[in-house]
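So the chains spell out like this:
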Amino acid sequence: MLRLWYVCNGNDLMKSKYEAAVPVYYYKPTHKDCQVLREQWIRAKYERKEFSEPGKNFTYEEGTRDGMLMKRGRDNGQFLSRRFVLSEREGTLKYFTKYDAKEPKAVIKVDTMNATFQPEKIGNPNGLQITYLKDYSTRNMFVYHDSGKEIVDWLNSIRAVQLHYLKVAFPGATDAELLPRLTRNFLKEGYMEKTGPRQTEGFKKRWFTLDHRRLMYFKDPLDAFAKGEVFLGNKDHGYNAYPGLPASAHCNGAWQHGITIETPDRCFLFTCETESDQQDWLKHFTDVMSATMSPQEYTSENEELFNGH
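Being a predicted model, the structure only gives us computed values, none of them experimental. (Residues numbered from 1 in each chain as written. Predicted model: local features only at pLDDT ≥ 70, side-chain atom pairs only at ≥ 80, totals over all residues. Heavy atoms only, no water.)

Draft legend 1. Here's a closer look at the pattern of salt bridges. Considering all chains together, one arrives at 19 salt bridges under this definition. Between Glu50 and Arg48 there is a salt bridge whose closest N-O contact spans 2.7 Å. Exposure remark for Glu50: the relative accessible area of 8% places this residue in the buried category. What makes Arg48 partly exposed here is its relative accessible area of 26%. (Salt bridge = Lys/Arg side-chain N within 4 Å of Asp/Glu carboxyl O. Buried < 20%, exposed > 50% of the residue type's maximum accessible area, 1.4 Å probe, protein only.)

Quick look at the structure:
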């Protein structure tokens with residue numbers, strides 16, 4: 001019992017020393033996160049002692065970040081060095097095909113952007129997936145840097161700029177209310193089969209990504225654009241998910257464990273390879289549909305319906 005007391009209090013003392021001034025936006029990894037996040041968190045605390053002194057200036061809060069990242073080409077799949085510029089004043093992340101290019105190839109608003117580490121999907125231990133809205137559709141961008149510190153610094157700089165933007169946009173909101181709006185990990189990813197709106201077409205294998213209320217599907221996990229998206233609203237607004245397929249559905253796919261998603265517009269039919277996969281997807285769909293929608297999500301729902309996604 002005494003030993004346990006020493007362990008607990010020892011941990012608290014270590015935390016109070018090495019985590020005395022962790023910025024509220026800084027992403028604290030858990031055991032579920034990838035190695036580069038966990039390793040850089042440990043190095044930041046104990047090796048660089050970044051958070052030991054309150055009032056210290058952080059590299060993530062300089063208002064701008066300018067550097068080179070290896071970016072995967074949308075069409076050819078090759079990784080090439082590209083310049084990225086993050087601006088707190090403009091609330092944007094820009095990337096340029098050449099270092100001295102005057103015009104950016106893309107201007108990404110930080111309030112529509114997400115960034116999450118995907119080392120296995122990208123095939124690099126420091127692989128970061130950046131997603132953002134472009135004409136109401138989600139665009140994927142895949143980048144990495146050879147330095148683990150550099151790529152994790154990019155993530156936390158993005159989070160710092162996002163929090164600054166949100167504090168200006170919602171001056172009465174607390175940090176606790178704003179933090180869920182910063183970069184987030186996907187709820188679930190994996191393969192399912194789906195059929196088209198007439199429900200008579202063949203079931204085709206697609207890669208699915210559940211990013212909070214957006215269920216996106218791709219022909220390939222590394223595609224730049226989703227083939228389609230399904231907005232998952234609240235169950236009180238006509239959204240539902242249940243196991244199985246309608247009796248009228250013609251299931252000609254290889255997978256037999258069906259899922260039906262009902263929206264105010266139409267039904268979406270999917271099949272999973274295993275029953276456990278089916279149950280896991282259903283749990284996530286049900287959790288999302290049971291959660292209260294924010295005013296921003298109501299706006300997203302109306303945009304989805306208006307634009308016919």
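After presenting the structure, the write-up continues.
Draft legend 2. Broad picture of the sheet that holds strand β7 (residues 137–144). Strand order in this open sheet of seven strands is β4-β3-β2-β1-β7-β6-β5, and the pairing throughout is antiparallel. Among the strands making up the open sheet, the edge pair consists of β4 (106–109) and β5 (113–117). If you compare each strand with its neighbour and ignore which way they point, the axes differ by 35° on average. For strand β2 (residues 79–87) and strand β3 (residues 92–96), the ladder comprises five bridges, and the chain directions are antiparallel. (Pairing = 2+ DSSP bridges. Helix = DSSP H or I, 4+ residues; strand = E, 2+ residues; numbered from the N terminus. Axes fitted to C-alpha atoms, helices over the stretch in contact; angles between N-to-C directions.)

Draft legend 3. Here's a closer look at empty space enclosed by the protein. Evaluated as defined, the whole model comprises four cavities of 30 Å³ or more. Roughly 40 Å³ of internal volume is contained in the second largest cavity. For the second largest cavity, the full set of lining residues is Tyr27, Leu37, Ala115, Thr116, Phe117, Leu155, Thr183, Arg184 and Asn185. No other element matches the three residues that β5 contributes to the lining of the second largest cavity. Residues of the lining of the second largest cavity, tallied by class, amount to five nonpolar, three polar and one charged. (1 Å grid on protein atoms, 1.4 Å probe; cavity = no way out; pocket = protein on both sides within 12 Å on 5 of 7 lines; lining within 4 Å. Points joined across faces, edges and corners; volume = space filled by probe spheres on them. Nonpolar A, V, L, I, M, F, W, Y, C, P; charged D, E, K, R; others polar.)

Draft legend 4. Local environment of unusual backbone geometry. Backbone geometry at Lys49 places phi at a positive 50°, although glycine is not the residue there. Its place among the elements puts Lys49 in the loop between α2 (35–47) and β1 (64–72). Of note, the phi angle at His212 is positive, near 55°, even though the residue is not glycine. Among the structural elements, His212 can be located in the loop between β9 (204–211) and β10 (214–218). On the accessibility criterion, His212 (33% relative accessible area) is partly exposed.

Draft legend 5. Fine view of the layout of surface pockets. Each pocket or cavity is described by its volume, and for the second largest pocket that value is around 500 Å³. What lines the second largest pocket is a set of 16 residues, and nearest its centre among them are Lys32, Asp33, Cys34, Phe117 and Asn185. Elements supplying a minimum of two residues to the lining of the second largest pocket: β5 and α3 (119–122). Among the elements that make up the lining of the second largest pocket, the one with the highest residue count is α3 (three residues).

Draft legend 6. Spatial organisation of helix α6 (residues 275–290). Taking 1.5 Å as the rise per residue, α6 with 16 residues should run 22 Å; its terminal C-alpha atoms sit 22 Å apart, in good agreement. For α6, the complete set of buried residues consists of Gln278, Trp281, Leu282, His284, Phe285, Val288 and Met289. Mapping the buried residues of α6 onto a view down its axis gives an arc of 165°, with all of them on the same face. Those residues of α6 that are buried are in contact with β8 (188–194), β9, β10, β12 (240–243), β13 (257–262) and β14 (267–272). (Expected span 1.5 Å × (residues − 1). Arc of directions from axis to C-beta. Contact = heavy atoms within 4.5 Å.)

Draft legend 7. Structural view of α2. The terminal C-alpha atoms of α2, which comprises 13 residues, lie 17 Å apart, in line with the 18 Å expected from a rise of 1.5 Å per residue. For α2, the full list of buried residues reads Val36, Leu37, Gln40, Trp41, Ala44 and Lys45. The arc that holds every buried residue of α2, seen down its axis, measures 155°, which confines them to one face. Opposite the packed face of α2, turned more than 90 degrees from it, sit the exposed residues Gln35 and Glu47. Positive backbone phi, at 50°, marks Lys49, one or two positions downstream of α2.

Draft legend 8. The arrangement of the packing of α2 against helix α4 (residues 148–169) in detail. Where α2 meets α4, the axes come as close as 10 Å, and the angle between the chain directions of the two elements is 90°. One element, α2, and the other, α4, form an angle in the roughly perpendicular class. Of the residues in α4, those touching α2 at Val36, Leu37 and Gln40 are Gly148, Lys149, Ile151, Val152 and Leu155. (Parallel < 35°, antiparallel > 145°, perpendicular 65-115°, else oblique.)

Draft legend 9. Seen up close, the sheet that holds β13. Strand order in this open sheet of seven strands is β11-β10-β9-β8-β14-β13-β12, and the pairing throughout is antiparallel. Each edge of the sheet is formed by a strand with only one pairing partner; in this case those strands are β11 (228–231) and β12. The average undirected angle you get between the axes of adjacent strands in this sheet is 35°. Of the strand pairs in this sheet, β10 and β11 are connected by four bridges, and their pairing is antiparallel.

Draft legend 10. Fine view of the packing of aromatic side chains. Throughout the structure, instances matching the rule amount to 16 aromatic pairs. Relative to Tyr95, the ring of Phe84 lies with its centre 5.4 Å away and its plane at 25°, an arrangement referred to as stacked. Placement of Phe84 in strand β2 and of Tyr95 in strand β3 is noted, with a sequence separation of eleven residues between them. Tyr95 shares its class with Phe84; the two are buried. With a centroid separation of 5.0 Å and 80° between ring planes, the pair formed by Tyr191 and Trp207 is classed as edge-to-face. With Tyr191 in strand β8 and Trp207 in strand β9, the pair connects residues that are 16 residues apart, well separated along the chain. According to the relative accessible area criterion, Tyr191 is partly exposed, its value standing at 31%. When the ring centre of Trp281 is taken as origin, the NZ or CZ atom of Lys188, which lies over that ring, is 5.0 Å away. (Phe/Tyr/Trp six-rings, centres within 6.5 Å; stacked < 30°, edge-to-face > 60°. Lys NZ or Arg CZ within 6 Å of the ring centre and 35° of its normal.)

So, to be careful, I would describe these as geometric facts and stop short of saying anything about function.
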